[in-house]
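Results of the structural survey
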Amino acid sequence: MPALPSFPSLLLVLTVVLSACSQPVGSEKDARIITLGDSLLASNVGSKQSVSDNVEAELGVSVLDRSVAGAQMHYMLPISGALGMSIPKQFVPGPWEWVILNGGGNDLWLGCGCLLCTGTMERLISADGRKGEIPKLVRRIRATNARVIYVGYLRSPGFGSPIDHCKALGDRMEARIAQMASADEGVTFLSLEDLVPYGDKSYHSADRIHPSVKGSAAVGRRVADIIRKGGL
């Protein structure tokens, strides 16, 4: 039986879910792009300056954004999972040509504190990129013929961050995701490793974890460039 979440973890989840529920989920009927993931993609949604908002502005098309701050790839609670805390449950059938996707960071940070995470990592994605929750979701999406852009995470600006100790583990996870993507021409791994210049705090919000408005815009431009080159 999996260990029950601690009270602080439950409080965080409840806060995030209630916050997500207060925000309208896009319902554009003509959308052919959907966004799934966690706060990397969901940040700045309240001011309509999230990654999805920037992709819309860059391409002039509608994007259905179902990303939720705090969401995880492997999430056990059924009700909040159905509300978006489970990234796989964010995916809904539709005429999607592109799926913008990220996730896994919260599993490592909240699930094992970025320490002794071998089991969590294997549950997310194996070394060859073929097994785990991430490849399982990507295969499910690809079975609909939609193309996938898997977005990596921002790196620390060099001034310290609450998740700096996760860097090595995060790099390992992204290397596995890149391996997965290399086996399918319909999957693109978008690394953000080079996005933030060392010493530049302007791409992060005050917590030095999540993207600022500038950071979300920069990620959105990179995503839009991939879609533009691939066609829509």
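Residues numbered from 1 in each chain as written. Predicted model: local features only at pLDDT ≥ 70, side-chain atom pairs only at ≥ 80, totals over all residues. Heavy atoms only, no water.

1. Some details on the pairing of strand β3 (residues 98–101)
Walk down a regular strand and you will see the side chains alternate between the two sheet faces. Side chains Trp98 and Ile100 of β3 all project onto a buried face; the interleaved residues Val99 and Leu101 project onto the opposite face, where all are buried too. Bridge count between strand β1 (residues 33–36) and β3: four bridges; the pairing is parallel. Of the residues in β3, the one forming a bridge with isoleucine 34 is valine 99. As paired elements, β3 and strand β4 (residues 147–151) share four bridges and run parallel to each other. Bridging from a neighbouring strand, tryptophan 98 pairs with arginine 147 of β4. (Buried < 20%, exposed > 50% of the residue type's maximum accessible area, 1.4 Å probe, protein only. Helix = DSSP H or I, 4+ residues; strand = E, 2+ residues; numbered from the N terminus. Pairing = 2+ DSSP bridges.)

2. Brief notes about the confidence of the model for the protein chain
On average, residues of the protein chain score 87 in pLDDT, and 88% of them reach the 70 mark or higher. Long-range and interchain partners of residues 1–26, a stretch whose pLDDT sits below 50, account for 22 contacts in this model, where long-range means more than four residues apart. (pLDDT = per-residue confidence, 0-100. Contact = heavy atoms within 4.5 Å.)

3. Side note on the environment of serine 67
Note that serine 67 resides in the loop between β2 (63–65) and α4 (78–85). Sequence-wise, serine 67 and leucine 36 are 31 residues apart; in three dimensions their C-alpha atoms are separated by 4.5 Å. In contact with serine 67, not counting residues within four places along its chain, are Thr35, Leu36, Gly37, Asp38, Leu41, Ala42 and Gln90. One polar contact links serine 67 to aspartate 65, side chain to side chain, over a distance of 2.7 Å. (Polar contact = N/O pair within 3.5 Å; in protein donor to acceptor, adjacent residues only side chain to side chain.)

4. Considerations on the pattern of salt bridges
Applying the stated criterion to the full structure yields nine salt bridges. Residue arginine 155 pairs with aspartate 171 through a salt bridge whose shortest N-O separation is 3.0 Å. Highlighted residues: arginine 155 in the loop between β4 and α9 (167–182) and aspartate 171 in helix α9, separated in sequence by 16 residues. The salt bridge partner of glutamate 174 is arginine 155, with a shortest N-O separation of 3.1 Å. Pair noted here: glutamate 174 is in helix α9 and arginine 155 is in the loop between β4 and α9, with a separation of 19 residues, a long-range link. With a relative accessible area of 5%, glutamate 174 lands in the buried category. Take arginine 155: its relative accessible area is 14%, and that puts it in the buried class. Taken together, the shared-partner salt bridges connect Arg155, Lys167, Asp171 and Glu174 into one network. (Salt bridge = Lys/Arg side-chain N within 4 Å of Asp/Glu carboxyl O.)

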